[in-house]
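# Survey of secondary and tertiary structure
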Amino acid sequence: MKRIIMLLIVASTLFTSCAAHYGLPQNYNQNTTEVVLTKNNFKVVKIVKGEASATYIFGIGGLSKNGLVAEAKAKMLQSAGMEGASRTVVNEIVEVKSSGFLFVNKYKVIVSGQIIEFL
């Protein structure tokens, strides 16, 4: 009888799963600068991107999603080379990719945007 109960406990543990749904739209771009691009007084210099990832084992480890976004954005701005010029980042896109197997989950955040320079 004890073996049957233990077998049922092990089987129920193996066939259960947890899932989270982040279906609500989230605005990761909290910019306060407004750029009006109605005139032809700018040119697109380059496209830049930054990546950050974290791995969680049993839900422990890594940064939160907002921390990953901040890290990816910092890497993007570091590679932008905007110092000393009248440039800004526009069309910023934040992608969050997640994957997992059993108790290991991996999140990867990619922030990309276009660098424009005003003439």
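Above this text is the structure in question.
A brief report on the enclosed structure follows. Position labels on residues start from 1 in each chain and follow its written sequence. Only residues with pLDDT of 70 or above have their local features reported here, since the model is predicted, and side-chain atom pairs are shown and tallied only from 80 upward, although totals for entire chains, interfaces and linings are computed over all residues. Only hydrogens and water are set aside; all other atoms, that is, all heavy atoms of the structure, feed into the side-chain values.

## So, the overall build of the protein
Only DSSP runs of H or I reaching four residues or more are called helices, and only runs of E reaching two or more are called strands; each is numbered from the N terminus. Summing up its helical and strand segments, the protein has 2 helices and 3 strands in all. From first element to last, N terminus to C terminus, the protein shows the α and β order α-β-α-β-β. Each residue's exposure class comes from its accessible area (1.4 Å probe, protein chains only) as a fraction of the maximum for that residue type: buried when under 20%, exposed when over 50%, partly exposed otherwise. Each of the 119 residues in the protein was classed as buried or not, and the buried ones make up 19%. Surface exposure here means Shrake-Rupley accessible area, sampled with a 1.4 Å probe, where a residue is shielded only by the protein chains that are shown. Only carbon and sulfur atoms are counted for the fraction: they give 59% of the accessible area of the protein, which is about 9,300 Å².

## Thoughts on the sheet that holds strand E2 (residues 87-101)
On the basis of which strands lie adjacent, the open sheet formed by 3 strands has the order E1-E3-E2 and antiparallel pairing. Bordering the open sheet on either side are strand E1 (42-57) and E2, each of which pairs with just one other strand. Taken pair by pair, the neighbouring strands of this sheet meet at an average axis angle of 15 degrees, ignoring direction. The pairing of E1 with strand E3 (residues 104-118) spans 15 bridges and is antiparallel. Looking at the pairing, Ile47 lines up with Gln114 of E3. We call two residues contacting when some pair of their heavy atoms lies within 4.5 Å. What counts as an axis is a line fitted to C-alpha atoms, over the stretch in contact for a helix, and the angles between N-to-C directions run from 0 to 180 degrees. Set on the sheet, helix H2 (residues 65-80) makes contact with E1, E2 and E3; between it and E1 the angle comes to about 145 degrees. A pair of strands is treated as paired once DSSP finds two or more bridges between them.

## Let's talk about the pattern of salt bridges
Pairing between side chains of opposite charge can happen when their charged atoms approach one another. Salt bridges are defined by distance alone: a side-chain nitrogen of Lys or Arg within 4 Å of a carboxyl oxygen of Asp or Glu. Inspection of every chain in the model, using the stated rule, returns 5 salt bridges. Residue Glu71 pairs with Lys75 through a salt bridge whose shortest N-O separation is 3.5 Å. In this pair, Glu71 and Lys75 are both assigned in helix H2, 4 residues apart and thus about one turn of the helix distant. A residue is classified by how much of its surface remains accessible, and Lys75, at 39% relative accessible area, is partly exposed.

## Regarding a nonpolar patch on the surface
Patch membership is restricted to residues that have no salt bridge and whose relative accessible area is over 30%. Joining uses 9 Å for like charges and 5 Å for the nonpolar side chains Val, Leu, Ile, Met, Phe, Trp and Tyr. Where nonpolar side chains cluster on the molecular surface, the patch consists of Ile57, Phe58, Phe101, Leu102, Phe103 and Val104 and spans about 710 Å² of accessible area. Here Ile57 lies in strand E1.

## Concerning the environment of Val48
Structurally, Val48 is set in strand E1. Separated by 33 residues in the primary sequence, Val48 and Gly81 have C-alpha atoms spaced 9.7 Å apart. Among residues more than four places away in sequence, those in contact with Val48 are Met76, Ser79, Ala80, Val111, Ser112, Gly113 and Ile115.

## Regarding the packing of aromatic side chains
Any two of the Phe, Tyr and Trp rings considered here, Trp counted by its six-membered ring, make a pair once their centres fall within 6.5 Å; the pair's planes then place it as stacked at under 30 degrees, edge-to-face at over 60, or tilted in between. The tally for this structure, following the rule as stated, stands at 2 aromatic pairs. When the centroid spacing of 5.5 Å and the interplanar angle of 80 degrees are considered together, the rings of Tyr56 and Tyr107 count as edge-to-face. Of this pair, Tyr56 sits in strand E1 while Tyr107 sits in strand E3, and the two are 51 residues apart along the sequence. Each member of the pair, Tyr56 as well as Tyr107, carries the same accessibility label: buried. When the centroid spacing of 4.7 Å and the interplanar angle of 25 degrees are considered together, the rings of Phe58 and Phe103 count as stacked. You can see Phe58 sitting in the loop between E1 and H2 and its partner Phe103 sitting in the loop between E2 and E3, a full 45 residues away along the chain. Judged by its relative accessible area of 59%, Phe58 is exposed.

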